[in-house]
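Overview (structure and organization)
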Amino acid sequence: MRLNELVDIVKYVYNDAFKEQPVDTKKTGEYIYEIEYKNEKIKADRSVGNKYRLTFKSPDETMEKFRLYIDEANGFRMYTCDISNFIDLTESQIKNITKYYKIQ
């Protein structure tokens with residue numbers, strides 16, 4: 001399971017993009033984490049099987065930054081015209097992201 005790695009990805013990307021560490025990180029369910037920042041709360045969860053999801057308050061600049069980082073690591077644009085407030089990832093994509101950005 002790559003949920004802990006997904007939480008680490010959130011912390012890495014947010015810090016790299018916005019120069020801010022999380023205010024709080026808490027486990028709210030067996031497969032659900034909430035990472036809270038001053039102006040944002042991002043939910044990381046394992047939705048089904050090997051599918052994982054990042055959920056944002058709204059589709060705004062924060063989510064767009066995450067998409068750019070994810071696309072860069074995976075080598076292709078996943079979400080070219082999407083207005084949802086979440087990003088779905090597979091275990092393989094999470095592994096690619098942690099490897100690409102050297103996230104431990």
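Structural data are supplied above this passage.
Residues numbered from 1 in each chain as written. Predicted model: local features only at pLDDT ≥ 70, side-chain atom pairs only at ≥ 80, totals over all residues. Heavy atoms only, no water.

1. Observations regarding the pairing of strand 1 (residues 24-29)
On a regular strand, each side chain points to the face opposite its neighbour's, so the side chains alternate between the two faces of the sheet. Where strand 1 lies against strand 2 (residues 32-36), five bridges are found, and the strand directions are antiparallel. Within the sheet, the bridge partner assigned to Thr25 lies in strand 2 and is Ile35. Adjacent in sequence and paired antiparallel, strand 1 and strand 2 are bridged by two residues. (Pairing = 2+ DSSP bridges. Helix = DSSP H or I, 4+ residues; strand = E, 2+ residues; numbered from the N terminus.)

2. Notes on helix 2 (residues 61-74)
Counted at 1.5 Å a residue, the expected span for helix 2 with its 14 residues is 20 Å, and the 20 Å between its end C-alpha atoms agrees. Thr62, Met63, Phe66, Arg67, Tyr69, Ile70, Asp71, Ala73 and Asn74 are the residues of helix 2 that are buried. Contacts from the buried residues of helix 2 go to helix 1 (3-18), strand 3 (41-48), strand 4 (51-55), strand 5 (86-90) and helix 3 (91-100). Near the N-terminus of helix 2, the side chain that reaches the backbone nitrogen of Thr62, with its oxygen 3.1 Å away, is that of Asp60. (Expected span 1.5 Å × (residues − 1). Buried < 20%, exposed > 50% of the residue type's maximum accessible area, 1.4 Å probe, protein only. Contact = heavy atoms within 4.5 Å. Polar contact = N/O pair within 3.5 Å; in protein donor to acceptor, adjacent residues only side chain to side chain.)

3. Concerning the nonpolar core
Residues Leu6, Ile42, Leu54, Phe66 and Ile87 are the most contacted members of the largest nonpolar core, which totals 26 residues. Broken down by element, this core gets its largest block of residues, seven residues, from helix 1. Residues contacting Phe66, with those up to four places away along its chain left out, are Val10, Val13, Tyr14, Ile42, Leu54, Phe56 and Ile87. (Core = buried A, V, L, I, M, F, W, Y, C linked by side-chain atoms within 4.5 Å.)

4. Regarding the sheet that holds strand 4
Think of a sheet as strands paired side by side through backbone hydrogen bonds, with each pair either parallel or antiparallel. Read across the open sheet, the five strands follow the order 1-2-3-4-5; overall the sheet is antiparallel. Pairing within the sheet leaves two strands with one partner each, and these edge strands are strand 1 and strand 5. When the angles between neighbouring strand axes are averaged without regard to direction, this sheet yields 20°. On the sheet, helix 1 packs against strand 1, strand 2, strand 3, strand 4 and strand 5 and is oriented at approximately 155° with respect to strand 3. The sheet contacts of helix 3 involve strand 4 and strand 5, and relative to strand 5 the element is tilted by about 95°. (Axes fitted to C-alpha atoms, helices over the stretch in contact; angles between N-to-C directions.)

5. Comments concerning the packing of aromatic side chains
One pass over the full model with this rule turns up six aromatic pairs. Here Tyr14 and Phe18 contribute two aromatic rings whose centre-to-centre distance is 4.8 Å and whose plane-to-plane angle is 45°, an arrangement assigned as tilted. Highlighted residues: Tyr14 and Phe18, both in helix 1, separated by four residues, approximately one helical turn. Looking at Tyr14, the relative accessible area reads 4%, which means it is buried. For Phe18, a relative accessible area of 25% gives the class partly exposed. Judged by centre distance (5.7 Å) and plane angle (45°), the rings of Tyr69 and Tyr101 are tilted. Within this pair, whereas Tyr69 is found in helix 2, its partner Tyr101 is found in the segment after helix 3, the two being separated by 32 residues in sequence. Classification of Tyr101 by relative accessible area gives buried; the value is 14%. A cation over an aromatic ring shows up here: Arg46 above the ring of Tyr31, its NZ or CZ 4.3 Å from the ring centre. Across from the ring centre of Phe86, 3.8 Å away, lies the NZ or CZ of Arg53, which sits over that ring. (Phe/Tyr/Trp six-rings, centres within 6.5 Å; stacked < 30°, edge-to-face > 60°. Lys NZ or Arg CZ within 6 Å of the ring centre and 35° of its normal.)

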